[in-house]
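Topology and contacts: notes
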Amino acid sequence: MEGAATRRIFIGGNWKSNNTVQQTKDLVQNTINKLSFDSARVEVLVAPVFIQLQWAKENVSSNVYVGAQNVSLFGFGAYTGEISAEALKDIGVEWTIIGHSERRTLFGETDEVVLKKTTRALEQGLKVIFCFGEVLAEREANQTIDVVNRQISGLKSLKPEHWNNIVLAYEPVWAIGTGKVATPEQAQEVHQHVRKWISSEISAEVAQNLRIIYGGSVNEKNCGDLIKQADVDGFLVGGASLKPEFAKIVETCNTHNVSA
């Protein structure tokens with residue numbers, strides 16, 4: 001538990017492809033800019049759609065990070081429709097989500113593509129929320145650990161300095177947007193496995209300091225039990241991050257960390 005006590009809780013709000021400009025303004029004014037938490041113990045990030053990133057950077061409170069939901073595999077150049085790491089950094093964006101299950105399943109991003117995106121983003125100075133997780137059929141076939149191992153195995157190629165700038169997000173695909181949620185024990189089992197894998201394949205120090213967060217129908221009712229798990233270091237929140245209850249999730253984590 002020593003490591004858990006020293007790791008800052010990380011809470012990301014993935015707004016996905018939602019919100020008009022006015023809805024984002026309302027959400028920022030009424031919820032995000034009223035969040036109360038100790039930045040020494042908790043980090044909070046919100047990820048709006050690309051075209052609202054600059055507005056968000058200029059209007060979201062300075063204690064809340066603004067991140068992208070995705071980033072290009074390429075830099076500046078003839079890549080129509082792509083947003084490069086360089087373009088994100090140019091407007092002050094520090095974080096990006098990479099490998100979300102919706103990118104993998106709906107847009108065909110393979111483990112190889114996700115790793116290349118992650119490596120390039122880190123090399124360009126972005127910080128990365130690296131997503132992984134199994135689908136329902138894999139869970140029911142008892143293949144969860146095998147799938148997770150496959151998805152994270154490429155991380156062995158990261159440079160030592162990159163590990164300070166990455167958060168891993170376990171997102172069981174069957175729990176995303178379905179109302180289903182992994183039990184605290186199921187989440188802890190995978191998180192613990194990943195931390196042991198990192199310790200074995202990378203280093204014990206990296207494993208102890210690395211934040212491994214959970215995503216999958218997180219809400220104000222289940223976050224308290226989930227955050228109590230020794231290897232759950234926060235959340236990547238979807239639907240609930242668009243609602244006032246996001247403040248309740250942040251509050252719960254902030255309070256938990258005081259007593260940890």
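Our subject is the structure that appears above.
Just so you know, these numbers come straight off a predicted model, no measurement behind them.

**So, the overall build of the protein chain**
Helix and strand counts for the protein chain stand at twelve helices and eight strands. The principal-axis extents of the C-alpha atoms in the protein chain amount to approximately 45 × 45 × 35 Å. Relative to its full complement of 260 residues, the protein chain shows a buried share of 50%. Carbon and sulfur atoms make up 48% of the accessible area of the protein chain, which totals about 11800 Å².

**Observations concerning helix α9 (residues 184–201)**
Along an α-helix, a turn takes 3.6 residues, which lines up residues three or four apart on a common side. Here α9 spans 25 Å end to end across 18 residues, near enough to the 26 Å set by a 1.5 Å rise per residue. By the burial criterion, the buried members of α9 are P184, A187, Q188, V190, H191, V194, R195, W197 and I198.

**Focus: the packing of aromatic side chains**
Counted according to the given criterion, the structure contains five aromatic pairs. Between the aromatic rings of F10 and W95, the centroid separation amounts to 4.9 Å while the plane-to-plane angle is 50 degrees, which identifies the pairing as tilted. One end of the pair, F10, is in strand β1 (residues 9–14); the other, W95, is in strand β4 (residues 95–98), and 85 residues separate them in sequence. Linked through ring pairs, F10, Y65 and W95 together constitute an aromatic cluster.

**Digging into the pattern of salt bridges**
Tallying each qualifying case throughout the model produces 16 salt bridges. Linking E112 and K116 is a salt bridge whose minimum nitrogen-to-oxygen distance equals 3.4 Å. Taken together, the positions of E112 and K116, both in helix α6 (residues 111–123) and four residues apart, correspond to about one turn of that helix. For E112, a relative accessible area of 52% corresponds to the exposed category. On the basis of relative accessibility, which here comes to 44%, the residue K116 falls in the partly exposed class. For the salt bridge of E201 with K156, the shortest nitrogen-to-oxygen distance reads 3.8 Å. Residue E201 is found in helix α9, and its partner K156 is found in the loop between α8 (144–152) and β6 (166–170); the two are separated by 45 residues along the sequence. Judged by its relative accessible area of 45%, K156 falls in the partly exposed class. Within the structure, one salt-bridge network assembled from shared partners comprises R7, R195, D231 and D233.

**Details of the nonpolar core**
Counting 62 residues, the largest nonpolar core has L168, Y214 and F235 as its most contacted members. Considering every element that reaches this core, the biggest residue donor is α9, with five residues. Apart from the residues within four sequence positions on either side, L168 is in contact with F130, F132, L155, V194, I198, L210, R211, I212 and I213. Judged by nonpolar contacts, the second largest core, of eleven residues, contains F10, W95, I129 and A169.

**Observations concerning the layout of surface pockets**
For the largest pocket, the calculated volume is near 360 Å³. If you trace the largest pocket, you find 18 residues lining it, with W163, N164, N165, N209 and L210 closest to the centre. When residues of the lining of the largest pocket are traced back to their parent elements, those giving at least two are β6 and α10 (204–209). Here the element with the most residues in the lining of the largest pocket is α10; it accounts for three residues.

**Quick word on the pairing of strand β3 (residues 64–68)**
In regular strands, side chains alternate between the two faces of the sheet. Within β3, four of the five residues are buried, leaving the element largely enclosed by the surrounding structure. As paired strands, strand β2 (residues 42–47) and β3 are joined by three bridges and run parallel to one another. In the strand pairing of β3, V44 is matched with V64. Handedness of the β-α-β unit built from β2, helix α3 (residues 53–59) and β3 comes out right-handed. Here β3 pairs with β4 via two bridges, running parallel. From the neighbouring strand, G67 faces β4, where its bridge partner is W95. Remark: the β3/helix α4 (residues 85–90)/β4 crossover connection has right-handed handedness.

Procedures and definitions
Residues numbered from 1 in each chain as written. Predicted model: local features only at pLDDT ≥ 70, side-chain atom pairs only at ≥ 80, totals over all residues. Heavy atoms only, no water. Helix = DSSP H or I, 4+ residues; strand = E, 2+ residues; numbered from the N terminus. Buried < 20%, exposed > 50% of the residue type's maximum accessible area, 1.4 Å probe, protein only. Areas by Shrake-Rupley, 256 points an atom, 1.4 Å probe, with all protein chains shown as cover. Expected span 1.5 Å × (residues − 1). Phe/Tyr/Trp six-rings, centres within 6.5 Å; stacked < 30°, edge-to-face > 60°. Salt bridge = Lys/Arg side-chain N within 4 Å of Asp/Glu carboxyl O. Core = buried A, V, L, I, M, F, W, Y, C linked by side-chain atoms within 4.5 Å. Contact = heavy atoms within 4.5 Å. 1 Å grid on protein atoms, 1.4 Å probe; cavity = no way out; pocket = protein on both sides within 12 Å on 5 of 7 lines; lining within 4 Å. Points joined across faces, edges and corners; volume = space filled by probe spheres on them. Pairing = 2+ DSSP bridges. Right-handed = clockwise from strand over helix to strand, strands pointing away.

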